[in-house]
Amino acid sequence: MSGFEPRIVAFLCRWCASAGADLAGTNRLAYPPNAIPIRVNCSGRVEPQWVVEALKAGADGVLIGGCHPGDCHYVAGNYKARRRVYLLRKVLAELGIEPERVRLEWVSATEGARFAQVMSDFVAELKRLGPLHGNGGPK
Amino acid sequence: MKLAVYWTGSCGGCDVAFLELGPALLDLLPKLEIVFWPALVDAKRADLEKLPKHGIDVALVNGVLRTTENVEMAELLREKSRWLGAFGACAHLGGVPALANPGEGIAEVVFGPGFRPAPPLGEAPEDAPPELLPEALPLEEVVPVDFVVPGCPPPAGLIARFFAVALAEEIQPGQVFAAEKALCEECPRTREERRLARLVRPHEALADPTKCLLDQGMVCLGPVTRGGCAAACPKAGMPCTGCLGPTPKAGDPALAMLSALASLVRAGEEGEPAFPEEDRILEGLVDPLGTLYKYAFAKYGRPLRRLARRRQEVRA
Amino acid sequence: MPETRPRLGVFVCHCGKNIAGTVDVAKVAEIASRFPGVVYATHHEYMCSDPGQALLKRAIKEHRLTGVVVAACSPTMHEETFRRAAEEAGLNPYLLEIANIREQVSWVHSGPAATEKAVRVVRAIAEKVRGNRPLRPAEVGVTRRALVVGGGIAGIQAALDIANAGFEVILVERSPSIGGHMAQLSETFPTLDCSQCILTPKMVEVARHPRIRILAYSEVEEVSGFVGNYRVRIRKKPTYVDPAKCNLCGECAKVCPVRVPNEFDRGLSLRAAIYIPFPQAVPSTYTLDARNCLGLLPLCCGKCAEVCEAKAIDFDMHEEILEEEVGAIVLATGYELYPKEAMAEYGYGTVPDVIDGLEFERLLSASGPTRGEIRRPSDGKIPKEVVFIQCSGSRDPEHHKPYCSKICCMYTAKHALLYRHAVPDGQAYVFYIDIRAGGKDYEEFVNRAMAEERILYIRGKVAKVFREGEKVVVWGVDTLTGRRVEVRADLVVLAQAMVPSPGTEELARKLRVACGGEGFLKEAHPKLRPLEALTAGVFLAGAAQGPKDIPESVAQASGAAAKVVALLSQPKLAHAPEVAEVAEELCSGCGICAPQCPYGAIAVDEVARVNEVLCEGCGTCVAACPSGALTFRNVEDEQVLRMVRAALAEVEGVGV
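Everything quoted here is computed from the prediction, not taken from an experiment.

Details of the overall build of chain A
- Helix and strand counts for chain A stand at four helices and four strands.
- For chain A, the succession of helices and strands along the chain, N to C, is β-α-β-α-β-α-β-α.
- For 139 residues, the compact-globule estimate of 2.2 N^0.38 gives 14 Å, and the C-alpha radius of gyration of chain A, at 14 Å, lies within 12% of that figure.
- Dimensions of chain A along its principal axes, counting C-alpha atoms only, are 40 × 35 × 20 Å.

Here it is, written out as structure tokens:
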């Protein structure tokens with residue numbers, strides 16, 4: 001499937017992953033433009049229904065960026081996010097959707113390079129998986 | 001009031017449920033003119049076809065739509081009725097039969113590859129059983145539905161309320177004859193901890209008679225399910241399985257409950273060292289689709305399943 | 001959702017070439033002008049400049065905008081700027097949102113794909129703004145009074161600082177006198193000033209302070225309310241002595257027939273049932289210990305009352321429950337020593353001449369049971385060989401406490417040094433794992449002890465301590481030479497681990513404050529908010545938060561006091577309005593939300609209720625709520641779902 005550009009929605013915690021993405025920008029670290037970021041207060045605010053809605057609405061993958069364990073601005077929102085993603089991936093797998101399409105990553109505000117790397121890796125993985133939407137995916 | 005009651009892919013329980021009204025039936029029946037009800041009085045499709053448009057005041061359909069004939073009958077009833085309602089979880093959400101919405105055709109799974117429905121030997125081809133639909137569907141997927149009497153089967157109290165409202169000509173479009181609040185509102189069990197150190201299936205534990213079942217690790221869908229049944233199952237020691245359907249703002253009840261369950265799981269102090277233990281607890285949710293989507297799969301889980309199937313076709 | 005049709009404005013910033021050099025800003029504005037609800041879209045060289053802001057304000061008025069998207073740099077840069085500008089133009093600031101097309105688009109992408117992503121980002125934010133409601137910060141009043149729990153040096157310092165800043169303070173202390181462990185110490189490292197000499201003036205200052213009310217012999221029973229508005233129930237135990245009348249003559253104690261171990265001397269001396277913990281106690285009064293008094297219930301003794309000329313003794317005194325309102329709370333409940341009874345290897349506390357560090361402090365103290373002479377408990381002899389064991393119960397994750405108690409290296413050096421001063425012909429041995437002497441003049445102090453006082457430091461752990469005749473035998477290993485060491489000592493002093501004082505967890509529960517795994521009070525953030533609990537309006541000081549020495553405790557107490565003063569000085573507490581809220585008509589009271597909240601902001605009764613002053617806005621409860629009754633202001637589910645769809649929908653006309 002050459003020329004396939006996966007479409008990604010990235011829910012980013014404002015305290016860590018979104019700040020990390022800002023740092024990637026400040027440092028001019030280029031990464032693929034496939035993901036549209038949606039900034040949230042905490043990865044713990046992200047609802048499984050949002051993730052599924054993104055998949056239904058045309059996303060090939062969904063990224064949730066939260067704070068490293070122990071660093072959550074709100075103490076434990078990232079742990080809740082982790083458990084929700086764990087169960088959601090289990091459900092997706094049962095439905096026949098590759099669980100790798102939903103990815104939770106810990107990215108701190110100082111990890112601009114890591115954010116760029118996570119984006120590149122995820123895009124590469126989704127390219128390997130191919131489009132979720134049978135028509136070859138949205139452009 | 002001219003009443004029609006019809007069953008599509010149904011176990012028959014919804015038809016029997018009317019009897020739960022008990023002596024109240026004696027007051028109710030004189031007010032009803034039953035124009036079509038195959039479970040009760042002999043009438044054929046032709047009789048229905050003969051009725052004029054709006055020859056039925058209220059039609060209640062129970063059962064999932066599973067065959068082409070189900071679809072035709074639903075369309076016919078829609079045409080003949082002023083009000084058409086989904087009666088019971090199958091017509092409302094797809095119900096238990098919709099859990100059969102698999103990746104492959106159900107007939108192939110059950111009867112083996114190459115199965116084609118055919119008439120019994122010596123019968124005319126038009127007597128062949130109707131074709132199975134590729135997927136089991138809730139009523140609203142095929143025809144506009146005016147109201148819902150939910151439940152598996154609908155509890156007597158809700159049926160009674162429905163008739164009271166219908167006879168008074170006060171049905172609101174889109175009305176769901178159940179509570180707006182979740183079942184917990186009606187549940188007498190007491191909640192304490194709201195932390196899940198384990199997840200068990202109902203047969204794996206003896207439920208404490210007074211404590212919240214969810215607190216005891218049972219996947220009770222009460223918090224995401226409309227009330228209206230007086231918490232009949234939890235009172236009897238069985239976790240709610242969600243037959244009255246999700247509360248108005250819950251969205252996909254399985255995903256909403258999944259989020260709640262995952263949020264409640266705790267293995268000691270929260271933190272990275274607890275991750276493996278948390279995962280072990282989460283693995284206690286055996287059969288997540290069957291548990292969380294028991295009745296609602298056709299309405300909520302199907303779009304994703306469809307996506308997965310299309311994806312499988314592309315890969316093939 | 002707003003009732004009226006939205007009228008959105010979109011303002012795309014060039015940021016010089018920072019954005020416009022990569023993203024086709026004119027194109028973004030042109031496409032944005034066709035987004036649903038958008039009535040005005042434009043682009044400008046520098047939106048954050050004065051002309052840019054003027055453009056924004058003018059457009060809000062001219063086009064009667066009900067919502068604004070500024071597509072520019074990260075919201076962390078200029079969200080405040082633009083929201084203030086919007087407010088000046090008469091638009092509620094919460095109806096303006098930033099679309100980040102610089103850090104997250106133009107600086108990291110190139111070509112038409114950058115423009116396309118910019119369009120998607122702006123479109124998603126426009127959907128959010130369409131769903132935003134105007135909000136106002138929540139405001140609550142503040143009770144200008146503070147509660148300090150714990151009357152040790154940390155509590156004393158916090159109370160004095162707050163009171164000196166002009167606010168009333170209630171200082172609650174569980175024991176009959178304030179002063180805490182510091183009052184028990186002999187001299188303090190590294191300066192060797194007398195502990196009581198530097199503490200008692202502060203205690204007197206507290207006692208005399210017009211804005212400090214001491215509630216000694218009292219405990220916090222219940223706490224309700226929230227930041228700025230706490231209600232506290234305090235149980236005041238009866239002392240059976242009227243402090244106003246008591247003139248400290250001490251006749252009562254002399255006639256009292258009861259003798260029990262004196263807590264202040266760690267049991268190394270005896271006291272009567274009516275007693276004053278130490279002469280400089282504050283409040284300055286005797287206390288009758290009801291548990292040990294003979295005469296209290298069946299009036300069979302009453303000797304003390306007979307001799308009391310001041311008529312200060314009142315056997316009918318009752319327990320009182322006081323209700324107080326305070327705006328802020330400082331927890332300074334201090335530490336206790338890990339019990340030597342827990343040390344199997346050191347004789348379970350059964351060997352009389354194996355004592356802990358605080359007992360040794362009392363032996364060193366001029367006001368102590370031996371008047372400052374070092375005499376061992378068993379037979380009162382002056383010990384000639386003393387072994388000090390560091391890390392006793394600390395740094396031992398398998399058997400005891402995993403953490404370092406931080407002060408033991410220093411006070412052991414002090415003990416050994418003071419011992420050598422008191423017993424010049426005595427020999428002191430110190431068993432240690434490492435010497436941790438981080439602190440001003442600390443390392444120098446330990447070196448002085450080692451070099452000048454010829455104290456023998458042996459690197460290694462002690463395996464066993466046992467009694468043999470008059471001696472206490474210490475078996476250890478010198479890990480530097482690898483040799484077994486045996487010392488036949490006269491006295492062994494254990495530098496026991498510091499643990500939170502008893503009842504810390506119970507008190508923490510009443511205040512919904514978290515305790516760490518070892519029971520110390522947990523700070524809101526280990527680096528950035530070390531003085532606060534996660535419960536707003538509750539602050540931490542001293543060793544209750546973790547092992548600390550005196551200067552650190554005092555510093556933390558002053559820090560916490562500064563936080564309290566800052567809080568109490570505000571005319572009203574304003575709180576960001578972007579928080580969770582409950583649709584009560586949909587809430588069944590299932591209670592799944594409440595344990596999600598780290599701030600205790602949710603109370604569930606018939607329905608859940610969010611205290612919007614306590615809610616910090618993480619939204620974890622909202623995601624956990626299965627029925628959809630909990631929502632998040634301006635991050636409603638429906639808004640996010642629209643944002644998701646807007647982010648993913650096709651973009652026409654960019655030419656990727």
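A short note on the overall build of chain C
- Helices and strands together make up the secondary structure of chain C, namely 17 helices and 34 strands.
- Relative to the 2.2 N^0.38 estimate, which gives 26 Å for 656 residues, the radius of gyration of chain C is 33 Å and therefore markedly larger than a compact globule would have.
- Dimensions along the principal axes, computed over C-alpha positions, put chain C at roughly 95 × 65 × 45 Å.
- Within chain C, the proportion of its 656 residues that are buried is 58%.
- Of the roughly 26,500 Å² of accessible surface on chain C, a fraction of 52% belongs to carbon and sulfur atoms.
- Here chain C contributes 76 positively and 82 negatively charged side chains, and the mean placements of these two sets differ by 2 Å.

Some points on the nonpolar core
- Phe11 of chain A, Leu77 of chain B together with Val122, Ile162 and Phe360 of chain C are the most contacted members of the largest nonpolar core, which totals 288 residues.
- In this structure, Phe360 of chain C is in contact with Ile355, Ile374, Phe388, His415, Tyr419, Leu491 and Val493 of chain C, ignoring residues within four places of it in sequence.
- Core analysis: the next-biggest nonpolar cluster, separate from the first, contains 24 residues, Val223, Ile234, Leu322 and Ala508 of chain C among them.

Regarding helix α7 (residues 156-167) of chain B
All names here are of chain B.
- With 12 residues, α7 should reach 16 Å at 1.5 Å per residue; the first-to-last C-alpha distance of 16 Å fits that figure.
- For α7, the set of buried residues is Leu158, Ile159, Phe162, Phe163, Val165 and Ala166. Buried residues in α7, looked at end-on, bunch into an arc of 165°, giving them a common side.
- Downstream of α7 by one or two residues, Glu169 has phi in the positive range, about 60°.

Some details on the packing of helix α2 (residues 48-56) of chain A against helix α17 (residues 637-648) of chain C
- The interhelical angle for the contact between α2 of chain A and α17 of chain C, taken along N-to-C directions, is 25°, at an axis separation of 9 Å. It follows from the interaxial angle that α2 of chain A and α17 of chain C lie roughly parallel. α2 of chain A and α17 of chain C meet at a crossing whose hand is right-handed. Counted together, Gln49, Trp50, Glu53 and Ala54 of chain A of α2 of chain A and Asp637, Val640, Leu641, Val644, Arg645 and Leu648 of chain C of α17 of chain C form the full contact between these two elements.
- In terms of residue class, the contact of α2 of chain A with α17 of chain C is made up of six nonpolar, one polar and three charged.

Side note on the state of the cysteines
Residue and element names in this part refer to chain C.
- Considering all chains together, one arrives at one disulfide over all chains under this definition.
- Cys194 shares a disulfide with Cys197; S-S distance 2.3 Å. Its torsion about the S-S bond being 85°, the disulfide of Cys194 and Cys197 is classed as right-handed.
- Given a relative accessible area of 27%, Cys194 falls into the partly exposed group.
- Take Cys249: it sits in no disulfide, and the sulfur closest to it among the cysteines is that of Cys252, at 6.0 Å.
- Looking at Cys256, it has no disulfide partner, and the nearest cysteine sulfur is the one in Cys301, 6.4 Å off.

Quick word on a nonpolar patch on the surface
- Taken together, the side chains of Val109, Val110, Phe111 and Phe115 of chain B present a nonpolar region at the surface, about 380 Å² in accessible area.
- Tracing the sequence through the fold places Phe115 of chain B in the loop between α6 (106-111) and β6 (132-137).

Observations regarding the pattern of salt bridges
- Throughout the structure, instances matching the rule amount to 89 salt bridges over all chains.
- One salt bridge connects Glu319 of chain C with Arg235 of chain C, and the closest N-O pair in it is separated by 3.4 Å. With a gap of 84 residues between them, Glu319 of chain C in the loop between α10 (303-307) and β17 (320-326) and Arg235 of chain C in strand β12 (residues 229-236) connect regions that are remote in the sequence.
- Linked through salt bridges whose partners overlap, the residues forming this network are Lys80, Arg82 and Arg83 of chain A together with Arg266, Glu270, Glu278 and Asp279 of chain B.

Topic: the interface of chain C and chain A
- The interface of chain C with chain A comprises 40 residues on the first partner and 42 residues on the second.
- Interface area, chain C with chain A, both sides summed: about 3,500 Å², of which 59% is carbon and sulfur.
- The largest per-residue losses of area from chain C upon contact with chain A belong to Gln104, Trp107 and Leu648 of chain C, which jointly make up 18% of the total buried on that side.
- Counting across the interface, chain C meets chain A through four salt bridges.
- One salt bridge connects Glu116 of chain C with Arg7 of chain A, and the closest N-O pair in it is separated by 3.2 Å.
- If you look at where chain C meets chain A, you find 14 residue pairs in polar contact (both at pLDDT 80 or more).
- It is α17 of chain C that contributes the most residues to the side of chain C that touches chain A, eight residues altogether.

Some remarks on the domain arrangement of chain C
- Entries for chain C in the domain assignment read domain 1 (8-135 + 638-648), domain 2 (149-236 + 323-334 + 504-568), domain 3 (238-318), domain 4 (338-499) and domain 5 (576-633).
- Put simply, the middle of domain 1 of chain C and the middle of domain 4 of chain C, counted by C-alpha atoms, are 68 Å apart.

A closer look at the environment of Leu56 of chain C
All names here are of chain C.
- For Leu56, the location among the structural elements is in helix α3 (residues 50-62).
- Separated by 177 residues in the primary sequence, Leu56 and Arg233 have C-alpha atoms spaced 53 Å apart.
- Here Leu56 is in contact with Phe11, Met47, Val68, Phe82, Ala85 and Leu96, once residues within four sequence places are set aside.

Looking at helix α7 (residues 153-164) of chain C
Residues and elements named next belong to chain C.
- For α7, built from 12 residues, the straight-helix expectation of 16 Å at 1.5 Å per residue is met to within 8% by its first-to-last C-alpha distance of 16 Å.
- Burial of α7 is extensive: 10 of the 12 residues sit out of reach of the surface.
- Buried within α7 we find Ile153, Ala154, Gly155, Ile156, Gln157, Ala158, Ala159, Leu160, Ile162 and Ala163.
- Its buried side turned inward, α7 meets β6 (145-149), β7 (168-172), α8 (195-208), β10 (212-215), β18 (328-331) and α15 (550-568).

Observations regarding the interface of chain A and chain B
- Contacts between chain A and chain B engage 31 residues on the former and 35 residues on the latter.
- Where chain A abuts chain B, roughly 3,100 Å² becomes buried across the two surfaces, and 62% of that area is made up of carbon and sulfur atoms.
- Three residues, Arg83, Leu87 and Leu95 of chain A, lead the burial of chain A against chain B; their summed loss comes to 23% of the area buried on that side.
- The tally of links between chain A and chain B comes to six salt bridges.
- One can count 16 residue pairs in polar contact (both at pLDDT 80 or more) joining chain A with chain B.
- Listed by contribution, the elements that provide at least two residues to the side of chain A that touches chain B are α2 and α3 (77-95) of chain A.
- In terms of residue count, the dominant contributor to the side of chain A that touches chain B is α3 of chain A (13 residues).
- Counted by class, the side of chain A that touches chain B contains 17 nonpolar, five polar and nine charged residues.

Looking at unusual backbone geometry
- The omega torsion across Cys152 of chain B and Pro153 of chain B is -10°, close enough to zero to call that bond cis.
- Looking at where Pro153 of chain B falls in the secondary structure, it is placed in the loop between β7 (147-149) and α7.
- A cis amide bond links Val282 of chain C to the next residue, Pro283 of chain C, at an omega of 0°.
- Note on placement: Pro283 of chain C falls in the loop between β15 (274-275) and β16 (287-288).
- The backbone phi angle of Glu169 of chain B is positive, close to 60°, even though this residue is not glycine.
- Residue Leu248 of chain C is not a glycine yet carries a positive backbone phi of 65°.
- Inspection of the secondary structure puts Leu248 of chain C in the loop between β12 and α9 (251-255).

So, how was this worked out
Residues numbered from 1 in each chain as written. Chains lettered and ligands numbered in written order. Predicted model: local features only at pLDDT ≥ 70, side-chain atom pairs only at ≥ 80, totals over all residues. Heavy atoms only, no water. Helix = DSSP H or I, 4+ residues; strand = E, 2+ residues; numbered from the N terminus. Rg over C-alpha atoms; globule rule 2.2 N^0.38 Å. Buried < 20%, exposed > 50% of the residue type's maximum accessible area, 1.4 Å probe, protein only. Areas by Shrake-Rupley, 256 points an atom, 1.4 Å probe, with all protein chains shown as cover. Lys, Arg positive; Asp, Glu negative; His and termini not counted. Charge placed at Lys NZ, Arg CZ, Asp CG, Glu CD. Core = buried A, V, L, I, M, F, W, Y, C linked by side-chain atoms within 4.5 Å. Contact = heavy atoms within 4.5 Å. Expected span 1.5 Å × (residues − 1). Arc of directions from axis to C-beta. Axes fitted to C-alpha atoms, helices over the stretch in contact; angles between N-to-C directions. Parallel < 35°, antiparallel > 145°, perpendicular 65-115°, else oblique. Left-handed = near helix turned anticlockwise from the far one by under 90°. Nonpolar A, V, L, I, M, F, W, Y, C, P; charged D, E, K, R; others polar. Disulfide = S-S within 2.5 Å. Patch = residues over 30% accessible without salt bridge, like charges linked within 9 Å, V, L, I, M, F, W, Y side chains within 5 Å. Salt bridge = Lys/Arg side-chain N within 4 Å of Asp/Glu carboxyl O. Buried area = accessible area lost by both parts, 1.4 Å probe. Polar contact = N/O pair within 3.5 Å; in protein donor to acceptor, adjacent residues only side chain to side chain. Domains from an automatic or database assignment.

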